[in-house]
Amino acid sequence: MDRRPTSPSSIETHFVDIHEVLPKEKEGAMEDKAEKPPKRPNKFRDMKRPSGRSFSRQVSLETGFSVLNRESKAKDERRVLRSQKSFGGFGANNANQAGRDGRKGDFSIFMTKSSLTKQNSLLPSRKESGLDSQKNDGPGHDDDSVPAGRYFAALKGPELDEVKESEDILLPKDELWPFLLRFPIGSFGICLGLSSQAVLWRALATSPATKFLHVTPFINLALWFLALAVLLSVSFIYILKCLYYFEAVKREYFHPVRVNFFFAPWVVCMFLALSLPSILAPETLHPAIWCIFMGPYFFLELKIYGQWLSGGKRRLCKVANPSSHLSVVGNFVGAILAAKVGWEEAAKFLWAVGFAHYLVVFVTLYQRLPTSEALPKELHPVYSMFIAAPSAASIAWDIVYGDFDGLSRTCYFIALFLFVSLLVRINFFRGFRFSVAWWSYTFPLTTISVATIKYAEHVPSVLSKGLAVSLSFMSSTMVSVLLVSTFLHAFVWRTLFPNDLAIAITKRKHSRDKKPFKKAYDIRRWTKQSPLSLVSAVTKNHSADKDLDDQKKELAGH
């Protein structure tokens, strides 16, 4: 490398300029290096430095700050979009270019059978832009799902449906996504609320404890048809989502909260079977109805309970949250339906399975083990799920064994105490925007209302009957308010289904402060040095180069 004398102007500006090596000189240096015999590393250590590398560096003697043009370009290329931006399924450069060209986000990464092919076609461009670490962030890898703890770390909100400001997503936030991609599994909560209301009003119309109310059975009939229509509509839309955006459905399945809503459709079907109006219901239901509705639920709970038992990333202490009660309540509802069709042993079996796992979930949530994920503050509204399982267990024991005895009353009193303890903590349910997930909070209140009606039948008194009427009125009022709000958000304001950001999080967090790669020179080391030390360091480098040239001349002379 040629070394030019420092001019006075360079001293005044306090900069040392090291010019690039010309290509010819680079070739000549490489030829000289190939012709000369290898030297011992302990004698000429400085010769290991790649003298032929082309770079341009400026060293400021006043600030002590080193800038490599080559590294600054790489840093600009690898810069990650933050604050209301997203990857959009590509690297940062592709996202910037897409924004300038006005192109839409690539939603095909969540489409059925096209995600893996699409991502494989993007791997070369990602490698060129220095984003190899993000190639597995998309949803196209079955063996590398998003860890359960990642959802707790990246999301917030009552159903873990909002992305934190410090997180990145794979799709654009400022663009409206396709409707099917925005349609969540939590929409079945609407069906849960309406079908449980049909059960409640059938109990109010037929129970001796509420006979003084003279409730007409046509309310149960209207609610039953409404719940059936909503269930068919939601099921049809979600089946379309499974057909076109199956990768997004898989993301919802791995979500620690939403996975429990995959039990909801079958619970709704059993609710509709139990609340069938008397003018339409036969004397006894056919056992095939129980097999059709309970079969998928049972196989799904084998999968989920197996994950809880076997451990791993999705063991119960890692993923437990109040919505986990949805995977337990169905056992008690299935036990009631089994008793209705005449299969008493199957009913007793399901009640035992449900009660055992309810105790496990209840203890896990109550003590919150140190090894479990911290439950976010925004997840507090789902604590209403606590009252659903013991209420359903109380009703199921009465129907299966034919007596509202000590065990049935024990479960009912547990549910009643949990309801009162949540009622005095009203702040748990305030300060959150409306979403369809709020519908899932209606059926626990409806379940305890039905359990109170059963209790009033066996313990008739003014207090028990008044409590049953009060809880029923509270439950029906909540469902009415949510029904009106859902209608307004869906058809008037059109804000019922915003972008489902929860399914578009990355598999690993890209930290703002994390450097994308190791630099050849540590900037902090240069900035901490004084100008005088920098001058001495540059002088030492010049003297080292001079000694190296002298050694080369001596070797050439020999």
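Here's the deal with the pattern of salt bridges
Right, so step 1: What the rule picks out here adds up to 6 salt bridges.
Right, so step 2: Linking Glu-247 and Lys-250 is a salt bridge whose minimum nitrogen-to-oxygen distance equals 3.3 Å. Remark: Lys-250 and Glu-247 occur in helix α10 (residues 246-254); sequence separation between them is 3 residues, near one turn of the helix. Neither residue differs from the other here; Glu-247 and Lys-250 are each classed as buried.
Right, so step 3: Between Arg-258 and Asp-500 there is a salt bridge, with its nearest N and O atoms 2.6 Å apart. Highlighted residues: Arg-258 in the loop between α10 and α11 (264-274) and Asp-500 in the loop between α19 (462-492) and α20 (523-528), separated in sequence by 242 residues.
Right, so step 4: On the accessibility criterion, Arg-258 (7% relative accessible area) is buried.
Right, so step 5: By relative accessible area, which is 5% here, Asp-500 ends up buried.

Comments concerning empty space enclosed by the protein
Right, so step 1: All told, the structure shown has 3 cavities of 30 Å³ or more when counted by the stated rule.
Right, so step 2: Volume-wise, the largest cavity comes out at about 130 Å³.
Right, so step 3: Along its surface, the largest cavity is lined by 13 residues, and Pro-256, Val-259, Ile-304, Gln-307 and Val-319 are the ones closest to its centre.
Right, so step 4: Every element with two or more residues in the lining of the largest cavity is listed here: α10 and α12 (287-310).
Right, so step 5: The element that contributes the greatest number of residues to the lining of the largest cavity is α12, accounting for 3 residues.
Right, so step 6: Its residues assigned to classes, the lining of the largest cavity comprises 7 nonpolar, 5 polar and 1 charged.

What counts and what doesn't
- Residues numbered from 1 in each chain as written.
- Predicted model: local features only at pLDDT ≥ 70, side-chain atom pairs only at ≥ 80, totals over all residues.
- Heavy atoms only, no water.
- Salt bridge = Lys/Arg side-chain N within 4 Å of Asp/Glu carboxyl O.
- Helix = DSSP H or I, 4+ residues; strand = E, 2+ residues; numbered from the N terminus.
- Buried < 20%, exposed > 50% of the residue type's maximum accessible area, 1.4 Å probe, protein only.
- 1 Å grid on protein atoms, 1.4 Å probe; cavity = no way out; pocket = protein on both sides within 12 Å on 5 of 7 lines; lining within 4 Å.
- Points joined across faces, edges and corners; volume = space filled by probe spheres on them.
- Nonpolar A, V, L, I, M, F, W, Y, C, P; charged D, E, K, R; others polar.

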